[in-house]
Amino acid sequence: MDIGLLFGIIGTWVLVCWSIMSGGSIWSYYDFASVILVVGGTFTLVFFCYPARNVGNFFAVFRTALFHKAQSNEKLIEDLVSYAEMARRDGILSLESITKDIDDRFIVRGIQMAVDGSDPELIETIMNAELDSLVDRHDVGKAIFDGIGKYAPAMGMIGTLVGLVIMLKNLDDPKKIGPGMAVAILTTLYGAVI
């Protein structure tokens, strides 16, 4: 995980919680109906807009987004050059012994096809197809995150309207105005935070 991402997430939530607690109890910012409306509504909209098989992979995409360790391009180039030198010096079959030490499954697959004697054009076609598939999967995962970012504030606004209707229907009872306004404001807050 990138240290900047970790600092950003933790720092933001520490500041939000500090701000909330400076004005009173953190529990005054909790409303179960608002949470259900915004969080539940956001995810039902995501299921409405994307196939269930793609939404089912959401948590895997989320985990990958948080904990992916990117390898530097310079290191990758150095490794590929060393593999090419080894193949030129010791023969292509010598690469088979190093595949167990390589973490990148994509590179291992390409090396294994080369060791197996596959046609270079076939290897290129297969590897390009695999890259295209990877890009498509990442695009779908990103689209789901974009959808959540788009639909959560919309659900927050719907919750605001629901809360205002509750408040306006109860103008004759001052005790019900506050809870209606709380629902209206909290759903907007939840949608914005998500």
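Scroll up for the structure.
Residues numbered from 1 in each chain as written. Predicted model: local features only at pLDDT ≥ 70, side-chain atom pairs only at ≥ 80, totals over all residues. Heavy atoms only, no water.

1. Observations regarding the pattern of salt bridges
Counted only if it meets this: Only one rule defines a salt bridge in this text: a Lys or Arg side-chain nitrogen within 4 Å of an Asp or Glu carboxyl oxygen. The helix count covers DSSP runs of H or I at least four residues long, the strand count covers runs of E at least two residues long, and both are numbered beginning at the N terminus. Any residue under 20% of the maximum accessible area for its type is buried, any over 50% is exposed, and the rest in between are partly exposed; the area is computed with a 1.4 Å probe on protein chains only.
For the coordinates displayed, the defined rule picks out 4 salt bridges. Ionic pairing is found between Lys75 and Asp79, a salt bridge with its closest N-O pair at 2.9 Å. Taken together, the residues Lys75 and Asp79, both in helix H5 (residues 73–90) and 4 residues apart, mark about one turn of the helix. Here Lys75 falls in the partly exposed class, since its relative accessible area comes to 39%. Relative accessible area serves as the criterion here: at 16%, Asp79 is assigned to the buried category. Taking the shortest distance from any N to any O, the salt bridge between Glu130 and Arg109 comes out at 2.7 Å. Here Arg109 lies in helix H6 (residues 105–115) and Glu130 lies in helix H7 (residues 120–169), a separation of 21 residues in the sequence. For Arg109, a relative accessible area of 38% translates into the label partly exposed.

2. A look at the layout of surface pockets
Spelled out, the test is: Buriedness of a pocket was judged along seven lines, with at least five required to meet protein on both sides within 12 Å; pockets are open sets of points on a 1 Å grid over the protein atoms alone, cavities are sets where a 1.4 Å probe fits but cannot get out, and lining residues have an atom within 4 Å of a point. Grid points are joined across faces, edges and corners, and a volume is the space filled by probe spheres set on the points. Under the grouping applied here, Gly and all other residues not named as nonpolar or charged are polar, the nonpolar ones being Ala, Val, Leu, Ile, Met, Phe, Trp, Tyr, Cys and Pro and the charged ones Asp, Glu, Lys and Arg.
The calculated volume of the largest pocket comes to roughly 1500 Å³. Around the largest pocket, the lining is made up of 35 residues, and of these Thr64, His68, Asp104, Leu134 and His138 lie nearest the centre. If you list the elements that add at least two residues to the lining of the largest pocket, you get helix H4 (58–67), H5, H6 and H7. If you tally residues by element for the lining of the largest pocket, the top one is H7, at 10 residues. Considering only residue class, the lining of the largest pocket consists of 17 nonpolar, 8 polar and 10 charged. Within this model, the second largest pocket holds a volume of roughly 470 Å³. If you go around the second largest pocket, you meet 16 residues; those closest to its centre are Phe62, Phe145, Ile148, Val193 and Ile194. Elements that contribute at least two residues to the lining of the second largest pocket include exactly helix H1 (3–22), helix H2 (32–49), H4 and H7. Counting residues per element, the lining of the second largest pocket draws most heavily on H1, at 5 residues. When grouped by side-chain class, the residues that make up the lining of the second largest pocket number 13 nonpolar, 3 polar and no charged.

3. Re a nonpolar patch on the surface
Going by this rule: Exposure above 30% relative accessible area and the absence of a salt bridge qualify a residue for a patch, where like charges join within 9 Å and nonpolar side chains (Val, Leu, Ile, Met, Phe, Trp, Tyr) within 5 Å. We get accessible surface area from the Shrake-Rupley algorithm with a probe of 1.4 Å; when it comes to residues, only the shown protein chains can shield them.
Taken together, the side chains of Ile3, Leu5, Leu6, Ile9, Ile10, Trp13, Val14, Val16, Tyr29, Leu189 and Val193 define a hydrophobic patch exposed on the protein surface, amounting to about 920 Å² of accessible area. Listed by contribution, the elements that provide at least two residues to the nonpolar patch are H1 and helix H8 (174–193). In terms of residues, the nonpolar patch owes the most to one element, H1, which gives 8 residues. Considering the arrangement of structural elements, one finds Val193 in helix H8. The class for Val193 is partly exposed, based on a relative accessible area of 43%.

4. With respect to H1
Quick reminder of the rule: Here the expected length of a helix is defined as 1.5 Å per residue gap, with one fewer gap than residues.
Counted at 1.5 Å a residue, the expected span for H1 with its 20 residues is 28 Å, and the 28 Å between its end C-alpha atoms agrees. Looking one or two places after H1, you find Gly24, whose phi comes out positive at around 140 degrees.

5. Describing the packing of H2 against H8
Test applied: Geometry is summarised by axes, namely lines fitted to C-alpha atoms with helices restricted to the contacting stretch, and by angles between N-to-C directions that run from 0 to 180 degrees. Orientation categories follow fixed angle ranges, with anything under 35 degrees roughly parallel, anything over 145 roughly antiparallel, 65 to 115 roughly perpendicular, and all other angles oblique. For any pair of crossing helices, the crossing counts as left-handed if the nearer helix is rotated counterclockwise from the farther one by less than a right angle, and right-handed if it is rotated clockwise. Here, residues are in contact when the closest pair of their heavy atoms is within 4.5 Å.
In contact at an axis separation of 9 Å, H2 and H8 are set at 40 degrees when each is read in the N-to-C sense. Classed by the angle they form, the pair H2 and H8 counts as oblique. Considering only the axes of H2 and H8, their crossing is right-handed. On H8, the residues that touch Ser34, Val35, Leu37 and Val38 of H2 are Val183, Leu186, Thr187, Tyr190 and Gly191. Grouping the constituent residues of the contact of H2 with H8 by class yields 6 nonpolar, 3 polar and no charged.

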